[in-house]
Amino acid sequence: PVFNPQLDEATVALIHDFGLVDEVVLTSFDQFALQRVKQLEPRLATGFIYIARLLNPLAQVSGLAVDALCPATDFLTLEEVRLIQSAGYACSPGGFWWYYPTLLAWGVDSISSNNPAAVQWEELLPGDGERADEWGILRGDAGALGRVAALGEGADAVGVRAGAHGAVGGAV
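First, a word on what this report is: a plain description of the structure on this page. Since this is a predicted model, take the numbers as computed values, not measurements.

Side note on the overall build of the protein
Reasoning step 1: For the protein, the helix and strand inventory stands at 8 helices and 5 strands.
Reasoning step 2: Of all 172 residues assigned to the protein, the portion counted as buried reaches 44%.
Reasoning step 3: A separation threshold of at least 6 residues defines the contact pool for the protein, and within that pool the share at least 24 residues apart is 35%.
Reasoning step 4: When the accessible surface of the protein is split by element, carbon and sulfur atoms take 55% of a total near 8900 Å².

Put into structure tokens, the structure is as follows:
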């Protein structure tokens, strides 16, 4: 892979240009990129993505200024959610295993999805599936993400409102 710090700078500049500093969470596997983002704009929320079963996930972010830990849902446990949150971080899992009712019952702060079209909206927001489809979410329409705010509290509960990690957040 090619690591390009200019990508971090360009991303932060775009966020500023669109006035979204308080609306975006940047997530990455790259701790160096997360560090550069915080140096460029300390107000930007960041999250460290990891895919592993770790004895102590907090050790992975020791000395790194991040706001969220973003574990893979495939490996996540209730105990890990509690550990992350008790340390003052948001727990914002994502990945390929998406049984959202369990994650919501565990009290995660938000849920990340690389594919909003794969979200089982009817399970999350009973009765709102038609509205989600109407706004293009189920078809993966990128413009739909900004319209998710109209889903209201239900969308807030699952972290898909405009500005939440995952559906609206981006990867650096």
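With respect to the packing of helix H1 (residues 5-17) against helix H2 (residues 31-40)
Reasoning step 1: Running from N to C, H1 and H2 cross one another at 40°; their axes reach a closest spacing of 10 Å. Considering their axes alone, H1 and H2 lie oblique with respect to each other. Relative to H2, H1 is oriented so that their crossing is right-handed. Taking contact as the criterion, the partners of Pro5, Asp8, Glu9 and Val12 in H1 are, on H2, Ala33, Arg36, Val37 and Leu40.
Reasoning step 2: By residue class, the composition of the contact of H1 with H2 is 5 nonpolar, no polar and 3 charged.

Structural notes on the pattern of salt bridges
Reasoning step 1: Applying the stated criterion to the full structure yields 4 salt bridges.
Reasoning step 2: Between Asp8 and Arg36 there is a salt bridge; the shortest N-O distance is 2.4 Å. On the criterion of sequence distance, the pair formed by Asp8 in helix H1 and Arg36 in helix H2 is long-range, its members being 28 residues apart.
Reasoning step 3: Given the relative accessible area of 2%, Asp8 is considered buried.
Reasoning step 4: Of the charged contacts in the structure, one is a salt bridge between Arg53 and Glu80, with a shortest N-O distance of 3.5 Å. Of this pair, Arg53 sits in the loop between strand S2 (45-50) and strand S3 (68-71) while Glu80 sits in helix H3 (residues 78-86), and the two are 27 residues apart along the sequence.

Structural notes on the packing of aromatic side chains
Reasoning step 1: Summed over all chains, the structure comprises 1 aromatic pair.
Reasoning step 2: A centroid spacing of 6.1 Å and a plane angle of 25° characterise the contact between Phe48 and Tyr50, whose relative ring orientation is stacked. No difference in accessibility class separates Phe48 from Tyr50, as the two residues are buried.

With respect to the pairing of S2
The side chains of a regular strand alternate, residue by residue, between the two faces of the sheet.
Reasoning step 1: Most of S2 is tucked away, with 5 of its 6 residues classed as buried.
Reasoning step 2: Tracing the backbone out of strand S1 (residues 25-28), into H2 and back to the parallel element S2 gives a crossover that is right-handed.
Reasoning step 3: Pairing geometry for S2 and S3, over 4 bridges, is parallel. Opposite Gly47, over in S3, you have Ala68 as the bridge partner.

Re the state of the cysteines
Reasoning step 1: By the definition in use, this model includes 0 disulfides.
Reasoning step 2: Cys70 takes part in no disulfide bond, and the closest cysteine sulfur to it belongs to Cys91, at a distance of 8.1 Å.
Reasoning step 3: With relative accessibility at 4%, the residue Cys70 sits in the buried group.
Reasoning step 4: Relative accessible area serves as the criterion here: at 0%, Cys91 is assigned to the buried category.

Scoring rules and cut-offs
Residues numbered from 1 in each chain as written. Predicted model: local features only at pLDDT ≥ 70, side-chain atom pairs only at ≥ 80, totals over all residues. Heavy atoms only, no water. Helix = DSSP H or I, 4+ residues; strand = E, 2+ residues; numbered from the N terminus. Buried < 20%, exposed > 50% of the residue type's maximum accessible area, 1.4 Å probe, protein only. Contact = heavy atoms within 4.5 Å. Areas by Shrake-Rupley, 256 points an atom, 1.4 Å probe, with all protein chains shown as cover. Axes fitted to C-alpha atoms, helices over the stretch in contact; angles between N-to-C directions. Parallel < 35°, antiparallel > 145°, perpendicular 65-115°, else oblique. Left-handed = near helix turned anticlockwise from the far one by under 90°. Nonpolar A, V, L, I, M, F, W, Y, C, P; charged D, E, K, R; others polar. Salt bridge = Lys/Arg side-chain N within 4 Å of Asp/Glu carboxyl O. Phe/Tyr/Trp six-rings, centres within 6.5 Å; stacked < 30°, edge-to-face > 60°. Right-handed = clockwise from strand over helix to strand, strands pointing away. Pairing = 2+ DSSP bridges. Disulfide = S-S within 2.5 Å.

On their own, these measurements won't tell you what the molecule is for.
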